[in-house]
Amino acid sequence: EPEVTQTPSHQVTQMGQEVILRCVPISNHLYFYWYRQILGQKVEFLVSFYNNEISEKSEIFDDQFSVERPDGSNFTLKIRSTKLEDSAMYFCASSGTSFTQYFGPGTRLTVL
Amino acid sequence: AQSVTQLGSHVSVSEGALVLLRCNYSSSVPPYLFWYVQYPNQGLQLLLKYTSAATLVKGINGFEAEFKKSETSFHLTKPSAHMSDAAEYFCVLGGGADGLTFGKGTHLIIQP
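Residues numbered from 1 in each chain as written. Chains lettered and ligands numbered in written order. Predicted model: local features only at pLDDT ≥ 70, side-chain atom pairs only at ≥ 80, totals over all residues. Heavy atoms only, no water.

**Section: the overall build of chain B**
Here is the rule: The way it works is that DSSP assigns letters per residue, a run of H or I at least four long becomes a helix, a run of E at least two long becomes a strand, and they are numbered from the N terminus. For the radius of gyration, the atoms used are the C-alpha atoms, and the globule rule reads 2.2 Å times the number of residues raised to 0.38. Note on exposure labels: buried denotes an accessible area under 20% of the residue type's maximum, exposed denotes more than 50%, and partly exposed covers the range between, all computed with a 1.4 Å probe on protein chains only. The criterion used for residue contact is that any of the two residues' heavy atoms lie within 4.5 Å. The accessible surface values rely on the Shrake-Rupley method and a 1.4 Å probe; as for residues, cover is taken only from the protein chains in view.
Within chain B, the regular secondary structure consists of zero helices and 11 strands. N-terminal to C-terminal, the α/β element order of chain B is β-β-β-β-β-β-β-β-β-β-β. Relative to a compact globule of 112 residues, whose C-alpha radius of gyration would be 13 Å, chain B shows 13 Å and is just as compact. Among the 112 residues that make up chain B, the fraction classed as buried is 43%. Put simply, 56% of the contacts in chain B that link residues at least 6 apart link residues at least 24 apart. With an accessible surface of roughly 5400 Å², chain B has 52% of that area assigned to carbon and sulfur atoms.

**Considering the state of the cysteines**
Quick note on the threshold: Criterion for a disulfide: a pair of cysteine sulfur atoms at a distance within 2.5 Å.
Overall, the coordinates contain two disulfides over all chains when judged by the stated rule. Between the sulfur atoms of C23(A) and its disulfide mate C92(A) the distance is 1.9 Å. Taking the sign of the torsion about the S-S bond as the criterion, the disulfide between C23(A) and C92(A), at about -65°, is left-handed. With C23(A) in strand β3 (residues 19-24) and C92(A) in strand β9 (residues 88-95), this residue pair connects regions lying 69 residues apart in the sequence. A relative accessible area of 0% places C23(A) in the buried class. With a sulfur-sulfur separation of 1.9 Å, C23(B) is cross-linked through a disulfide to C91(B).

**What about the nonpolar core?**
The condition that has to hold: What makes a nonpolar core is a set of buried Ala, Val, Leu, Ile, Met, Phe, Trp, Tyr and Cys residues whose side-chain atoms join them at distances within 4.5 Å.
Counting 27 residues, the largest nonpolar core has L21(B), W35(B), L48(B), F74(B), L76(B), Y89(B) and L108(B) as its most contacted members. When contributions to this core are tallied by element, the ones reaching two or more residues are β2 (10-14), β3 (19-26), β4 (32-38), β5 (44-50), β7 (64-68), β8 (73-78), β9 (87-94) and β11 (106-111) of chain B. In this structure, F32(A), V47(A), F49(A) and C92(A) belong to the second largest nonpolar core, which totals 22 residues.

**Let's talk about the environment of I60(A)**
Residue and element names in this part refer to chain A. Mapping I60 onto the fold places it in the loop between β6 (53-57) and β7 (65-68). Between the C-alpha atom of I60 and that of V47, which follows or precedes it by 13 residues, the distance is 9.0 Å. Discounting chain neighbours no more than four positions away, the residues touching I60 are R36, E44, F45, L46 and F65.

**What to know about the interface of chain B and chain A**
We count it as follows: A 1.4 Å probe defines the accessible area here, and the buried area is the portion of it lost by two parts on being joined, summed over both. By definition, a salt bridge exists where a carboxyl oxygen of Asp or Glu is found within 4 Å of a side-chain nitrogen of Lys or Arg. Polar contact is defined as a pair of N or O atoms within 3.5 Å, subject to the rule that within protein one atom must be able to donate a hydrogen and the other to accept it, and that residues adjacent in sequence are counted only when both atoms are side-chain atoms. For this classification, Asp, Glu, Lys and Arg are treated as charged, while Ala, Val, Leu, Ile, Met, Phe, Trp, Tyr, Cys and Pro are nonpolar and the rest, including Gly, are polar.
With 18 residues of chain B in contact, the opposing surface of chain A contributes 18 residues. A buried area of about 1500 Å², summed over both sides, lies between chain B and chain A, and 59% of it is on carbon and sulfur atoms. Contact with chain A buries area across many residues of chain B, yet L44(B), A97(B) and F102(B) alone supply 33% of it, more than any other trio. For the interface between chain B and chain A, the tally reads zero salt bridges. Connecting chain B to chain A are five residue pairs in polar contact (both at pLDDT 80 or more). Where the side of chain B that touches chain A is concerned, the elements lending two or more residues are β4 and β5 of chain B. For the side of chain B that touches chain A, the residue count by class is nine nonpolar, six polar and three charged.

**Thoughts on the pairing of β6(A)**
All names here are of chain A. We count it as follows: Any two strands with at least two DSSP-identified bridges between them are counted as paired.
Bridge count between strand β5 (residues 43-50) and β6: four bridges; the pairing is antiparallel. Bridging from a neighbouring strand, Y50 pairs with E53 of β6. Where β5 folds back onto β6 in an antiparallel hairpin, the turn is made up of two residues, including N51, whose phi is positive at roughly 55°.

**Some details on unusual backbone geometry**
It is generally the case that most residues other than glycine have a negative phi and that most peptide bonds are trans. Note that the residue after T7(A), namely P8(A), is joined by a cis bond; omega there is -10°. When you line up the elements, P8(A) lands in the loop between β1 (5-7) and β2 (10-13). For F99(A), which is not glycine, the phi torsion reads 65° and is therefore positive. Counting through the fold element by element, F99(A) comes out in the loop between β9 and β10 (102-103). One non-glycine residue with positive phi stands out, namely N61(B), at about 60°. Take N61(B): it is sitting in the loop between β6 (56-58) and β7. Of the residues examined, N61(B) reaches a relative accessible area of 41% and is grouped as partly exposed.

Here's what the structure looks like:
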């Protein structure tokens, strides 16, 4: 069964450093999403992406964040200058025409 | 604005007993509603979804949920709990290609 994959599973970085989180969505899906879950808090929507552009973003998704689909398979989330409060689990999701979103296993980001 | 409220951050039931996880939503448009499950150290797995067809929705692993518009509820039930059901359950509101709105989650504990 097709699934969404994410790498790395755990990323540790120093405050101020740039990180790139990678996702491979389900191959025939057209809509891509990033969410985050800070420890002990609810899962929060960051951004959705369709047809090579952002279709919706939340207040959390400020200028420090960017997304890209660099090739036909990967979907990335870049944080330019990480802050302590960026420490969280980041989930990638994708959906097809049914709009049901399928999630990857997540990347745990730890900012020191 | 859309919102989801899950009553009870922790629910404990005995093995073989009825599972009832409560969810209420607020939406200005006809909602799509989902339940996702997160097993320890794993990603988010779709349990079931409501998309305005039948109000009683059956999902995987014997779970089902009933959409009640008059009560703005979408409670999740399972007639007989199994030890393997222990996990975090999220009630989720969404529609179309937009980002999903998550509840805070309910941690289901199964007592032997």
